[in-house]
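Reading the structure
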Amino acid sequence: MSDMFFVGLGLSKRFLTNASIEALRNSDVIYADVYTSISCDLNIQTLREISGKTVFPATREILEMKEKEIYSQLDQGIKIAIATIGDPMIATTHVSLAAGAKRRGHRVIVVPGVSVHCYMISKSMLSSYKFGKSVTVTFPYLEKLDYTPYNVIKENRERGLHTLVYLDLKETGVMTADLAIGLLRRMEENKKEGVITEDDIVVIGERLGCQEERIKALKVREVSAEKFGNPPHIIIIPARNLYEMEIEGLKCLS
Ligand SMILES: C[S@@+](CC[C@H](N)C(=O)[O-])C[C@H]1O[C@@H](n2cnc3c(N)ncnc32)[C@H](O)[C@@H]1O
């Protein structure tokens, strides 16, 4: 029996916990998940320095193709860590690897990290009780829009709930907040269901956890004139029935 760690690294070096560092040092081989998120200062090199271990970059394809190799390493008693920016189980897809390791009789240890999910909710000062389903705005495929985010925001709005919106991350590009809002506006133009109006407020987080992080509440109509920094970006579409205290909280955002 061996150990399979799923280690959350937090959003940047400052948010790396002692528990995560300990898990990395207790592993023999580390696969760095480099496809589900990005960080301003956490990379393969930092992981090597922190852990002193062999670190392999792992794309989705590598992790899926190497599943058998990972299980065979575990069977030989090698301790494996999958290191993920943020939290290893929030808005990522590592559960099948965990379930496979468990089925083979290995110990599965999840070490949570500071996720962009909680970080953004905390910084927005919106009520955490009022968040509905989260969703991702993806790049159009062959010019075709994916309306899932529009529909999820609509359902959440109908229930008076906020929506946390992740942005697509591909090897070919990282989506920015202005591009995502532009896509949501196009969806509104096509569907005309009043889900995204020009006077709606959106909250945009940029490079959270980094020295130059920025979080701002603005109206949809103001987004195209706004200058955004480098990604990663994330968006909250707040419900329209804000509590008084939520309105005051949003005013605190610079
Ligand atoms: C699929 S989610 C993965 C979340 C990760 N597992 C976690 O717990 O933080 C990745 C998306 O979250 C957002 N994101 C991640 N880190 C961010 C950051 N530091 N600042 C702003 N947005 C971020 C971006 O939209 C990015 O494409």
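Residues numbered from 1 in each chain as written. Predicted model: local features only at pLDDT ≥ 70, side-chain atom pairs only at ≥ 80, totals over all residues. Heavy atoms only, no water.

Focus on the packing of helix H4 (residues 67-75) against helix H5 (residues 95-103)
Note the following rule: To get an axis, fit a line to the C-alpha atoms, keeping to the stretch in contact for a helix; angles then go from 0 to 180 degrees between the N-to-C directions. Put simply, DSSP H or I for four residues or longer makes a helix, DSSP E for two residues or longer makes a strand, and each gets a number counted from the N terminus. Throughout, the term roughly parallel applies to angles under 35 degrees, roughly antiparallel to angles over 145, roughly perpendicular to angles from 65 to 115, and oblique to all others. Crossings are assigned a handedness: left-handed for a near helix turned anticlockwise from the far helix by less than a right angle, right-handed for a clockwise turn. We call two residues in contact whenever any of their non-hydrogen atoms come within 4.5 Å of each other.
As a packed pair, H4 and H5 sit with axes 11 Å apart at the nearest point and diverge in direction by 40°. Relative to H5, H4 is oriented oblique. You can see that H4 and H5 cross each other, and the crossing is right-handed. Packed against H4, whose contacting residues are Glu67, Ile70, Tyr71 and Leu74, the element H5 presents Ser96, Leu97, Gly100 and Ala101 at the interface.

Considerations on the sheet that holds strand S6 (residues 135-137)
Stated formally: At least two bridges found by DSSP between two strands are what make those strands a pair.
Reading across the sheet, the five strands line up as S6-S7-S12-S10-S11 and stay open at both edges, with mixed pairing between neighbours. Of all strands in the sheet, those bounded by a partner on one side alone are S6 and strand S11 (214-219). Taken pair by pair, the neighbouring strands of this sheet meet at an average axis angle of 25°, ignoring direction. In the sheet, S6 pairs with strand S7 (residues 163-167) via three bridges, with the strands oriented parallel. Bridged to Val137 within S7 is Leu167. Contacting S7, strand S10 (201-206), S11 and strand S12 (233-237), helix H6 (residues 116-124) runs over the sheet at an angle of about 55° to S12. The strands touched by helix H8 (residues 177-191) are S6, S7, S10 and S12; relative to S12, the strand with the most contacts, the crossing angle is about 40°.

Points about the sheet that holds strand S3 (residues 54-58)
Pairing within the open sheet is parallel, and its five strands lie in the order S3-S2-S4-S1-S5. Of all strands in the sheet, those with a lone pairing partner are S3 and strand S5 (107-111), marking the two edges. Averaged over all pairs of adjacent strands, the angle between strand axes in this sheet comes to 20°, irrespective of strand direction. Alignment of strand S2 (residues 29-33) against S3, held across five bridges, turns out to be parallel. Directly across from Ala32, in S3, lies its bridge partner Pro57. Helix H2 (residues 44-51) rests against S2, S3 and strand S4 (80-84) of the sheet, and its axis sits at about 155° to S3. Contacting strand S1 (3-8), S4 and S5, H5 runs over the sheet at an angle of about 160° to S1.

Re the domain arrangement of the protein
Formally: Domain borders in the structure are assigned automatically or taken from a domain database. For any pair of parts, buried area is found by adding up, for both, the accessible area (1.4 Å probe) each one loses once the two are put together. We define a salt bridge as a contact between a side-chain nitrogen of Lys or Arg and a carboxyl oxygen of Asp or Glu at a distance within 4 Å. Contacts described as polar in this section are N or O atom pairs within 3.5 Å, which, within protein, must combine one atom able to donate a hydrogen with one able to accept it, while residues neighboring in sequence count only if both atoms come from side chains. Classification convention: Asp, Glu, Lys, Arg as charged; Ala, Val, Leu, Ile, Met, Phe, Trp, Tyr, Cys, Pro as nonpolar; all other residues, Gly among them, as polar.
Domain annotation of the protein identifies domain 1 (3-114) and domain 2 (117-252). Using C-alpha coordinates to define each centre, domain 1 is positioned 29 Å away from domain 2. At the interface, 14 residues of domain 1 touch 13 residues of domain 2. Counting each side, the surface lost to burial between domain 1 and domain 2 is near 990 Å², with a carbon and sulfur contribution of 70%. Seen at the junction of domain 1 and domain 2, the total is zero salt bridges. Counting across the interface, domain 1 meets domain 2 through two residue pairs in polar contact (both at pLDDT 80 or more). Of the residues that constitute the side of domain 1 that touches domain 2, the class distribution is eight nonpolar, four polar and two charged.

Considering the site of the ligand
Test applied: For this purpose, a residue is taken to be near a molecule or strand whenever a single non-hydrogen atom of the residue falls within 4 Å of it. Throughout, the Shrake-Rupley method with a 1.4 Å probe supplies accessible areas, and for residues the shown protein chains are the sole cover considered.
Contacts to the ligand come from 20 residues, most closely from Asp87, Ile90, Ser115, Leu167 and His233. A distance of 2.8 Å separates an oxygen atom of the ligand from a polar backbone atom of Asp87. Measuring from an oxygen atom of the ligand, one finds a backbone N or O atom of Leu167 at 2.6 Å. In the complex, 95% of the free accessible area of the ligand, which totals 580 Å², lies under the protein chains.

Overview of helix H1 (residues 18-26)
In an α-helix, one turn spans 3.6 residues; hence positions three or four apart end up facing the same way. Formally: With a 1.4 Å probe rolled over the protein chains alone, any residue whose accessible area is under 20% of its type maximum counts as buried; one over 50% counts as exposed, and the rest are partly exposed. Note that the arc is computed from the directions linking the helix axis to the C-beta atoms.
Buried residues of H1: Ser20, Ile21, Ala23 and Leu24, and no others. In a view along the axis of H1, the buried residues occupy a sector of 160°, so they form one face of it. Facing away from the buried surface of H1 by more than 90 degrees, the exposed residues are Asn18 and Glu22. Of the surrounding elements, those touching the buried residues of H1 are S1, S2, H2, S4 and S5.

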